[in-house]
Amino acid sequence: MAALLASHGYPALALGYFGLPGLPDVLENIPLEYFTTAARLLAAQPGVDPNHVLAMRYSRGSEAALLLADDYPDLIHGAVVYSPSAQVNGGFPDYGTTAWTKDGKPIAQGLIPLDHISGPVMTIAGADDQLWTSPLWARQIVQELDAAGNHYPHQALVFPNAGHGVGTYPYLAAGTRPVHPVTGREIDLGGSRAGNAAAQEAGWLKVLTLLASL
């Protein structure tokens with residue numbers, strides 16, 4: 001995704017946060033400060049507008065993207081989230097642990113506050129998501145922004161016949177029942193190949209339109 005964004009002229013930084021060398025093996029106790037350090041590094045690069053740095057993430061990463069946009073509105077100016085959650089969930093694969101921390105303290109599970117967002121928010125979900133209730137959460141995020149009186153653009157895109165694999169790479173076919181890289185188990189993401197492909201293409205064009213408007 002970072003390379004694809006860069007090919008359209010938008011400087012981007014891809015950041016792993018678990019399951020890679022030098023990082024935690026699982027999604028547990030990931031500090032938000034890790035992401036802010038990276039965001040400041042990106043903002044300082046030539047060609048980057050530090051007033052328009054967005055977080056873009058998928059699935060569990062959507063929690064971090066929304067938390068960052070709300071907790072650090074002077075640094076992260078909005079978010080694009082695919083198959084999102086409107087709430088903080090437990091760690092993974094052990095849901096009894098803490099997924100995210102801030103200032104060294106666990107971020108409690110529950111609804112993600114969205115009253116400090118300082119830029120646009122786009123949520124993208126598939127109506128047939130079989131992994132979790134991302135269509136409901138995608139709309140809920142927008143409703144929360146409405147209730148908070150947020151005046152920046154925000155919208156929910158929920159595509160029929162698409163599942164959890166609604167994003168983020170357009171034009172590349174993908175299966176709907178992959179083996180999870182962490183648990184090793186087959187999972188049903190919902191949707192169809194055709195439905196996902198159509199949603200990925202349409203969603204990507206919406207993302208490019210949003211970025212062009214900044």
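This text goes with the structure placed above it.
Residues numbered from 1 in each chain as written. Predicted model: local features only at pLDDT ≥ 70, side-chain atom pairs only at ≥ 80, totals over all residues. Heavy atoms only, no water.

Asker: Just checking my understanding: could you explain the overall build of the protein chain for this structure?
Answerer: The helix and strand tally for the protein chain stands at five helices and nine strands. Scanning the protein chain from its N terminus toward the C terminus, one meets helices and strands in the order α-β-α-β-α-β-β-β-β-β-β-α-β-α. A principal-axis box enclosing the C-alpha atoms of the protein chain has dimensions of 40 × 40 × 35 Å. Sorting the 214 residues of the protein chain into buried and exposed places 47% on the buried side. For the protein chain, restricting intrachain contacts to residue pairs at least 6 apart in sequence, the fraction spanning at least 24 positions comes to 71%. (Helix = DSSP H or I, 4+ residues; strand = E, 2+ residues; numbered from the N terminus. Buried < 20%, exposed > 50% of the residue type's maximum accessible area, 1.4 Å probe, protein only. Contact = heavy atoms within 4.5 Å.)

Asker: Would you explain the pattern of salt bridges in this entry?
Answerer: Enumeration over the complete set of coordinates arrives at four salt bridges. For Arg-60, the salt bridge identified is with Glu-63, shortest N-O distance 2.6 Å. For Glu-63, a relative accessible area of 0% translates into the label buried. Linked by salt bridges that have partners in common, Arg-177, Glu-186 and Asp-188 make up one network. (Salt bridge = Lys/Arg side-chain N within 4 Å of Asp/Glu carboxyl O.)

Asker: What am I meant to see in the nonpolar core here?
Answerer: By size, the foremost hydrophobic cluster in this structure holds 36 residues, and its most contacted members are Phe-35, Leu-66, Ile-76 and Trp-100. Of all the secondary-structure elements, those providing two or more residues to this core are helix 2 (32-43), helix 3 (61-71), strand 3 (79-82) and helix 4 (134-147). For Ile-76, the contacting residues outside a window of four places in its chain are Ala-39, Val-53, Leu-54, Ala-55, Leu-68, Ala-69 and Ser-118. Residues Met-1, Val-80, Trp-204 and Leu-208 belong to the second largest nonpolar core, which totals 16 residues. (Core = buried A, V, L, I, M, F, W, Y, C linked by side-chain atoms within 4.5 Å.)

Asker: When you look at helix 3 in this model, what are you seeing that I'm missing?
Answerer: Count 3.6 residues to each turn of an α-helix, and residues three or four apart come out pointing the same way. Here helix 3 lies mainly inside the structure; 10 of its 11 residues are buried. For helix 3, every residue scored as buried is listed here: Gly-61, Ser-62, Glu-63, Ala-64, Ala-65, Leu-66, Leu-67, Leu-68, Ala-69 and Asp-70.

Asker: How should I be thinking about the packing of aromatic side chains in this particular structure?
Answerer: Remark: the centre distance and the inter-plane angle together describe each pair of aromatic rings, the angle taken between the planes. Enumeration according to the criterion identifies seven aromatic pairs in this entry. Ring geometry for Tyr-17 against Trp-100: centres 5.8 Å apart, planes inclined by 45°, an arrangement best described as tilted. Residue Tyr-17 is found in the loop between helix 1 (2-7) and strand 1 (30-31), and its partner Trp-100 is found in strand 5 (residues 100-102); the two are separated by 83 residues along the sequence. (Phe/Tyr/Trp six-rings, centres within 6.5 Å; stacked < 30°, edge-to-face > 60°.)

Asker: Would you mind showing me how to read the side chain of Thr-36 here?
Answerer: Considering the arrangement of structural elements, one finds Thr-36 in helix 2. For Thr-36, the residues in contact, after removing those within four places along its chain, are Leu-68, Tyr-72 and Leu-75.

Asker: Honestly, the pairing of strand 3 in this entry has me stumped. Any pointers?
Answerer: Each regular strand shows side chains that alternate between the opposite faces of the sheet. Burial along strand 3 is two-sided: Ala-79 and Val-81 and Val-80 and Tyr-82, pointing in opposite directions, are all buried. As paired elements, strand 2 (residues 55-58) and strand 3 share four bridges and run parallel to each other. Directly across from Tyr-58, in strand 3, lies its bridge partner Tyr-82. The β-α-β motif built from strand 2, the intervening helix 3 and the parallel element strand 3 has right-handed crossover chirality. Pairing between strand 3 and strand 8 (residues 121-126): four bridges, direction parallel. Bridging from a neighbouring strand, Ala-79 pairs with Val-121 of strand 8. (Pairing = 2+ DSSP bridges. Right-handed = clockwise from strand over helix to strand, strands pointing away.)

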